[in-house]
Amino acid sequence: MRIARFSIDGNVGYGAVEGESAPGKEGEFVLDIIKGIPYADFELSGTKVPLSKVRLLPPVLPNKIVAFGRNYDEHSAELGNETPDVPFAFLKPSTSLVGSGDAITYPAFSEELHHEAELAVVIGRMCREVPRERVKDVIFGYTCANDVTARDVQRREKQWARAKGFDSACPLGPWVETDLDLAAANDLTIQCTVNGQQRQLGRTSEMVHSIEDLIVNISEAMTLLPGDVILTGTPAGVGPLNVGDEVAVTIEGIGTLTNKVIKRG
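The following refers to the structure shown. (Residues numbered from 1 in each chain as written. Predicted model: local features only at pLDDT ≥ 70, side-chain atom pairs only at ≥ 80, totals over all residues. Heavy atoms only, no water.)

Take the overall build of the protein next. A tally of regular secondary structure across the protein gives six helices and 20 strands. Against the compact-globule benchmark of 18 Å for 265 residues, the protein has a radius of gyration of 17 Å, which places it among compact chains. When burial is assessed residue by residue, the protein has 54% of its 265 residues classed as buried. Within the protein, residue pairs in contact and separated by at least 24 positions form 71% of the contacts whose partners lie at least 6 positions apart. Accessible area of the protein: about 11600 Å², with a carbon and sulfur share of 48%. Charge centroids of the protein, computed over 26 positive and 37 negative side chains, lie 6 Å from each other. (Helix = DSSP H or I, 4+ residues; strand = E, 2+ residues; numbered from the N terminus. Rg over C-alpha atoms; globule rule 2.2 N^0.38 Å. Buried < 20%, exposed > 50% of the residue type's maximum accessible area, 1.4 Å probe, protein only. Contact = heavy atoms within 4.5 Å. Areas by Shrake-Rupley, 256 points an atom, 1.4 Å probe, with all protein chains shown as cover. Lys, Arg positive; Asp, Glu negative; His and termini not counted. Charge placed at Lys NZ, Arg CZ, Asp CG, Glu CD.)

On the surface, Asp73, Glu74, Glu78 and Glu206 cluster together to form a negatively charged patch. Secondary-structure assignment places Glu206 in the loop between strand 16 (197-203) and helix 6 (211-219). Judged by its relative accessible area of 44%, Glu206 is partly exposed. (Patch = residues over 30% accessible without salt bridge, like charges linked within 9 Å, V, L, I, M, F, W, Y side chains within 5 Å. Salt bridge = Lys/Arg side-chain N within 4 Å of Asp/Glu carboxyl O.)

With that settled, consider the nonpolar core. Generally speaking, a soluble globular protein has its nonpolar side chains buried in company with each other. The biggest cluster of nonpolar side chains holds 45 residues, and the ones touching the most others in it are Leu113, Ile139, Tyr142, Ile211 and Ile215. Considering each element in turn, this core owes the most residues, five residues, to helix 6. Excluding its chain neighbours within four sequence positions, the residues that come into contact with Ile211 are Leu119, Val121, Ile139, Tyr142, Leu182, Ala185, Asn186 and Thr232. (Core = buried A, V, L, I, M, F, W, Y, C linked by side-chain atoms within 4.5 Å.)

Rolling a probe over the atoms, with the probe sized like a water molecule, indicates the empty space that remains. What the largest pocket holds in volume is close to 290 Å³. Around the largest pocket, the lining is made up of 18 residues, and of these Arg70, Leu79, Asn81, Arg151 and Gln154 lie nearest the centre. Elements represented by at least two residues in the lining of the largest pocket include exactly strand 6 (65-69) and helix 3 (151-157). Looking at which element gives the most residues to the lining of the largest pocket, the answer is helix 3, with three residues. Partitioned by chemical class, the residues of the lining of the largest pocket number four nonpolar, six polar and eight charged. (1 Å grid on protein atoms, 1.4 Å probe; cavity = no way out; pocket = protein on both sides within 12 Å on 5 of 7 lines; lining within 4 Å. Points joined across faces, edges and corners; volume = space filled by probe spheres on them. Nonpolar A, V, L, I, M, F, W, Y, C, P; charged D, E, K, R; others polar.)

Our next topic: the side chain of Lys164. With respect to the secondary-structure elements, Lys164 resides in helix 4 (residues 161-165). For Lys164, a relative accessible area of 2% gives the class buried. Of note is the side chain of Lys164, whose polar atom sits 3.4 Å from the side chain of Glu116. Ignoring any residue separated from it by four or fewer positions in sequence, one finds Lys164 in contact with Phe90, Lys92, Glu116, Asp147, Val148, Thr149, Gln154 and Ala169. (Polar contact = N/O pair within 3.5 Å; in protein donor to acceptor, adjacent residues only side chain to side chain.)

Another point: the pattern of salt bridges. Summed over the entire model, instances satisfying the criterion amount to 14 salt bridges. The salt bridge partner of Glu116 is Arg151, with a shortest N-O separation of 2.7 Å. Here Arg151 lies in helix 3 and Glu116 lies in the loop between strand 10 (113-115) and strand 11 (117-123), a separation of 35 residues in the sequence. No difference in accessibility class separates Glu116 from Arg151, as the two residues are buried. Through salt bridges that share partners, Lys92, Glu116, Asp147, Arg151 and Lys164 make up one connected network.

For Lys158, the location among the structural elements is in the loop between helix 3 and helix 4. For Lys158, a relative accessible area of 63% corresponds to the exposed category. Only 3.3 Å separates the side chain of Lys158 from the backbone oxygen of Arg155, close enough to count as a polar contact.

Our next topic: the sheet that holds strand 15 (residues 189-194). Strand order in the open sheet formed by five strands is 9-20-19-15-16, and the pairing between neighbours is mixed. The open sheet has two edge strands, strand 9 (103-106) and strand 16, and neither has a second partner. Across the sheet, the mean angle separating the axes of adjacent strands is 20° when strand polarity is ignored. As defined by bridge partners, strand 15 adjoins strand 19 (residues 246-251) across five bridges and the pair is classed as antiparallel. Looking at the pairing, Ile190 lines up with Ile251 of strand 19. (Pairing = 2+ DSSP bridges. Axes fitted to C-alpha atoms, helices over the stretch in contact; angles between N-to-C directions.)

Counted by the stated rule, this structure contains five aromatic pairs. On the basis of an interplanar angle of 65° and a centroid distance of 5.1 Å, the ring pair of Tyr39 and Phe140 is categorised as edge-to-face. Residue Tyr39 is found in the loop between strand 3 (30-35) and strand 4 (43-50), and its partner Phe140 is found in strand 12 (residues 139-146); the two are separated by 101 residues along the sequence. Given a relative accessible area of 16%, Phe140 falls into the buried group. Between Phe90 and Trp160, the aromatic rings sit 5.0 Å apart at their centres with planes inclined by 70°, giving edge-to-face as the arrangement. Taken together, the residues span a long stretch of sequence, with Phe90 in strand 7 (residues 88-92) and Trp160 in the loop between helix 3 and helix 4 at a distance of 70 residues. Looking at Phe90, the relative accessible area reads 12%, which means it is buried. The class for Trp160 is buried, based on a relative accessible area of 13%. (Phe/Tyr/Trp six-rings, centres within 6.5 Å; stacked < 30°, edge-to-face > 60°.)

Structure representation (structure tokens):
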């Protein structure tokens with residue numbers, strides 16, 4: 001099931017997305033509005049709204065976004081870094097979230113903005129110290145993410161809070177796909193285009209540390225809550241974004257996350 005969070009006429013809700021999943025056919029989708037919240041028992045209301053009539057919001061409201069860096073060897077190499085032996089985590093604030101179709105606002109303190117296409121894992125239940133064999137039980141689903149990075153600031157400041165945590169630095173969406181099993185999620189095609197031109201193309205099977213590795217690692221340190229998001233790293237091919245660019249992240253079996261870059265007000 002594809003679960004979206006949306007706004008219509010000032011009201012916010014969740015819905016199950018039905019219809020074609022091919023990029024460019026979003027107008028053929030409909031939302032069956034959910035009664036309740038998706039992490040608990042819920043019912044489909046039977047009230048259906050064309051997706052073209054709503055505004056898609058970030059599909060979850062996480063308590064925290066845990067991102068893992070340098071998790072693809074070729075990406076580490078392209079930036080002159082070594083791949084760490086153990087997962088390398090950092091946090092992005094929930095205020096960095098935007099949904100599919102929302103703008104990425106170019107931060108005034110940067111002159112080198114980069115895209116980073118990533119598979120995002122959404123946690124479905126409160127958990128800590130998750131054993132490897134139970135990882136599949138704590139996952140709600142998967143979505144597309146763009147770990148937008150002010151690369152010059154990242155180099156200059158070393159600590160990544162501003163470089164990767166500014167407002168709009170975490171596009172997420174368009175929805176959460178709940179029907180992917182863990183084995184499938186560990187081997188999906190992930191692609192990024194800018195203005196229709198391919199920039200990144202890889203597979204999640206190229207990750208140095210698997211989804212299981214990442215969740216075991218971070219849950220040793222902190223409790224994960226329903227809706228929390230785990231970003232799993234980006235394949236090679238990261239590159240610049242300019243004002244006016246349209247960037248799209250497409251992940252096999254999930255969908256396409258699209259955002260346009262604008263100048264800060």
